[in-house]
Amino acid sequence: MSEKKKRLAWRCNSLQQQRDKAEIYNSKEWKQLREAKLQKQPMCEMCLEEGRKRGIKRGYVRSATCVHHIVPIETATTKEEMWRLAIGCGLSGLMSLCRPCHNKLHNNAGYHTKEAVQERKQSAFERWKAKQHRQQPPTDSDGST
Ligand SMILES: [Zn+2]
Ligand SMILES: [Zn+2]
């Protein structure tokens, strides 16, 4: 089967996608990443944001029980891409959320539109690029003499 046909077949087979998704969520890699995220940010990031906006500091923020992917892994077109979106996104591609906020986010009609997803993909990529840049060792400036 050609690469293109393989992609198409995977995309059209939602049962296979469900299985691959389940495989990811049951994997050691995902569990570790999820744990690390909750350890780094044990409070709901949307509650925190909401509290900041309203100037409320205490008593409002719930603890996070869900770890949410900023770029939905369902947008992958291959199994490999799904793994990359799910695990390769790293901590900055995830959000710690409480269940009510998580539901609210996913029930927002605008959240899953192509444009909204594309925008989040873009900003995730920008963040990733910025990080790569920061991690680069200082270059030897004068190599040409
Ligand atoms: Zn919340
Ligand atoms: Zn989510």
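Residues numbered from 1 in each chain as written. Chains lettered and ligands numbered in written order. Predicted model: local features only at pLDDT ≥ 70, side-chain atom pairs only at ≥ 80, totals over all residues.

A.B. asks: Would you mind showing me how to read the nonpolar core here?
C.D. replies: Proteins that are soluble and globular tend to have nonpolar side chains buried together. By size, the foremost hydrophobic cluster in this structure holds eight residues: Cys44, Met46, Cys47, Ala64, Leu94, Met95, Leu97 and Cys101. Taken together, the elements giving at least two residues each to this core come down to helix 4 (45–54) and strand 2 (94–97). Looking at this core, the element that brings in the most residues is strand 2, giving three residues. Not counting residues up to four positions away in its chain, the partners in contact with Ala64 are Leu38, Gln41, Pro42, Met43, Cys44, Ser96, Leu97 and Cys98. Of all hydrophobic cores here, the second largest spans five residues; its members include Ala76, Met82, Leu85 and Ala86. (Core = buried A, V, L, I, M, F, W, Y, C linked by C-beta atoms within 7 Å. Buried ≥ 20, exposed ≤ 12 C-beta atoms within 10 Å, placed from the backbone. Helix = DSSP H or I, 4+ residues; strand = E, 2+ residues; numbered from the N terminus. Contact = placed C-beta atoms within 7 Å.)

A.B. asks: Which parts of the structure should I look at to understand the packing of helix 2 (residues 14–25) against helix 5 (residues 79–88)?
C.D. replies: How two helices pack is summed up by the angle between their axes together with the distance between the axes. At a minimum axis distance of 10 Å, the contact between helix 2 and helix 5 shows a crossing angle of 35°. Judged by the sense of rotation from one axis to the other, the crossing of helix 2 with helix 5 is right-handed. Residue-level contacts link Asp20, Lys21 and Ile24 of helix 2 to Lys79, Met82, Trp83 and Ala86 of helix 5. In terms of residue class, the contact of helix 2 with helix 5 is made up of four nonpolar, no polar and three charged. (Axes fitted to C-alpha atoms, helices over the stretch in contact; angles between N-to-C directions. Left-handed = near helix turned anticlockwise from the far one by under 90°. Nonpolar A, V, L, I, M, F, W, Y, C, P; charged D, E, K, R; others polar.)

A.B. asks: Please clarify how the environment of Lys114 should be interpreted in this entry.
C.D. replies: Mapped onto the fold, Lys114 is located in helix 7 (residues 114–135). Residue Lys114 is classed as exposed on the basis of its C-beta count, with 8 C-beta atoms lying within 10 Å. Taking C-alpha positions, Lys114 is 9.3 Å from Thr75, a pair spaced 39 residues apart along the chain.

A.B. asks: Would you explain the pairing of strand 2 in this entry?
C.D. replies: Within a regular strand, the side chains alternate between the two sheet faces. Burial along strand 2 is two-sided: Leu94 and Ser96 facing one way and Met95 and Leu97 facing the other are all buried. As judged from the four bridges shared by strand 1 (residues 66–69) and strand 2, these two strands associate in the antiparallel manner. Bridging across to strand 2, His69 finds its partner in Leu94. (Pairing = 2+ DSSP bridges.)

A.B. asks: Would you mind going over the confidence of the model for the protein chain with me for this structure?
C.D. replies: As a note on interpretation, predicted positions should not be read in detail where pLDDT is low. On average, residues of the protein chain score 87 in pLDDT, and 91% of them reach the 70 mark or higher. When mean pLDDT is taken per element in the protein chain, helix 3 (residues 28–40) scores highest with 98 and helix 7 scores lowest with 82. (pLDDT = per-residue confidence, 0-100.)

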